[in-house]
Amino acid sequence: MLKFHIEETLLGSPDPVFEDEVEPRRGLLAALLVDQAYEEDIDMFLGELAKAAAGEPGIVVGNHAVWAIMSRDKVILEQMLYGDERTDGTEPARTEITLTEAKQLILDWREAKRHWHAEHYPAADAVTCGQPSSK
């Protein structure tokens, strides 16, 4: 099981920390979670995981930091490259996790964020994790 804890960023938001992992895996796992900033992101990602588990081919999800390339049994996390890195031969960092690990990680992130926001913003709506809803 992948374990993380939350530390507060300088901007006052939750940041996942994977102490038991080594780089670049540590950073890629954290980036995957940070990319799931809102409930809508989490719901979309869980939906795409379900499609991959059902055998739908070619599922790739990306937000800002990592690509999640899904197949029936695994998720490859690949660093997004920007600028010259996209064309200069730079190899993106990669790691992989199982679909089951990915799903549990996202569910754990959702719960950890809710708990964190309840502690830091007790008057905020727990459903939106203290963040404005897009509705």
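The structure under discussion appears in the preceding block.
The structure displayed is predicted, hence computed values, not measured ones. (Residues numbered from 1 in each chain as written. Predicted model: local features only at pLDDT ≥ 70, side-chain atom pairs only at ≥ 80, totals over all residues. Heavy atoms only, no water.)

A closer look at the overall build of the protein
A tally of helices and strands in the protein yields 3 helices and 6 strands. Of the regular secondary structure in the protein, the N- to C-terminal order runs β-β-α-α-β-β-β-β-α. When burial is assessed residue by residue, the protein has 36% of its 135 residues classed as buried. For the protein, the proportion of contacts with a sequence separation of at least 24, taken over those separated by at least 6, is 46%. Accessible area for the protein stands at about 8,000 Å²; split by element, carbon and sulfur atoms hold 53% of it. (Helix = DSSP H or I, 4+ residues; strand = E, 2+ residues; numbered from the N terminus. Buried < 20%, exposed > 50% of the residue type's maximum accessible area, 1.4 Å probe, protein only. Contact = heavy atoms within 4.5 Å. Areas by Shrake-Rupley, 256 points an atom, 1.4 Å probe, with all protein chains shown as cover.)

Details of unusual backbone geometry
A cis geometry characterises the amide bond from Glu23 onward to Pro24, with omega recorded as 5 degrees. Considering the arrangement of structural elements, one finds Pro24 in the loop between strand S2 (14-17) and helix H1 (25-35).

A closer look at the pattern of salt bridges
Applying the stated criterion to the full structure yields 8 salt bridges. Here Glu48 and Lys51 are joined by a salt bridge, their closest N and O atoms 3.0 Å apart. Taken together, the residues span about one helical turn, with Glu48 and Lys51 both in helix H2 (residues 39-53) at a distance of 3 residues. With a relative accessible area of 35%, Lys51 lands in the partly exposed category. A salt bridge links Lys74 to Glu96; its shortest N-O distance comes to 3.6 Å. Taken together, the positions of Lys74 in strand S5 (residues 74-79) and Glu96 in strand S6 (residues 94-98) put the pair 22 residues apart, joining distant regions of the chain. Residue Glu96 is classed as partly exposed on the basis of its relative accessible area of 44%. (Salt bridge = Lys/Arg side-chain N within 4 Å of Asp/Glu carboxyl O.)

Observations regarding the side chain of Glu78
For Glu78, the position within the fold is in strand S5. Accessibility expressed as a relative area gives 16% for Glu78, which makes it buried. Side chain to side chain, Glu78 and Arg94 meet in a polar contact 2.7 Å long. When near neighbours in sequence (up to four residues on either side) are disregarded, Glu78 contacts Leu28, Ala65, Val66, Trp67, Ile69, Pro92, Ala93 and Arg94. (Polar contact = N/O pair within 3.5 Å; in protein donor to acceptor, adjacent residues only side chain to side chain.)

Describing H2
When the terminal C-alpha atoms of H2 are compared, their 21 Å separation across 15 residues agrees well with the 21 Å that a helix rising 1.5 Å per residue should span. Those residues of H2 lying buried are Glu39, Asp41, Ile42, Phe45, Leu46, Glu48, Leu49 and Ala52. Just downstream of H2, Gly55 is the residue with a positive phi angle, here 100 degrees. (Expected span 1.5 Å × (residues − 1).)

Quick look at the packing of aromatic side chains
Counted according to the given criterion, the structure contains 3 aromatic pairs. Here the aromatic cluster, defined as three or more aromatic residues joined through ring pairs, consists of Phe4, Phe18 and Trp109. (Phe/Tyr/Trp six-rings, centres within 6.5 Å; stacked < 30°, edge-to-face > 60°.)

Observations concerning the environment of Gln79
Residue position: Gln79 is located in strand S5. Distance in space between the C-alpha atoms of Gln79 and Asp43 is 22 Å, their sequence separation being 36 residues. For Gln79, the residues in contact, after removing those within four places along its chain, are Leu28, Ala65, Val66, Trp67, Pro92 and Ala93.

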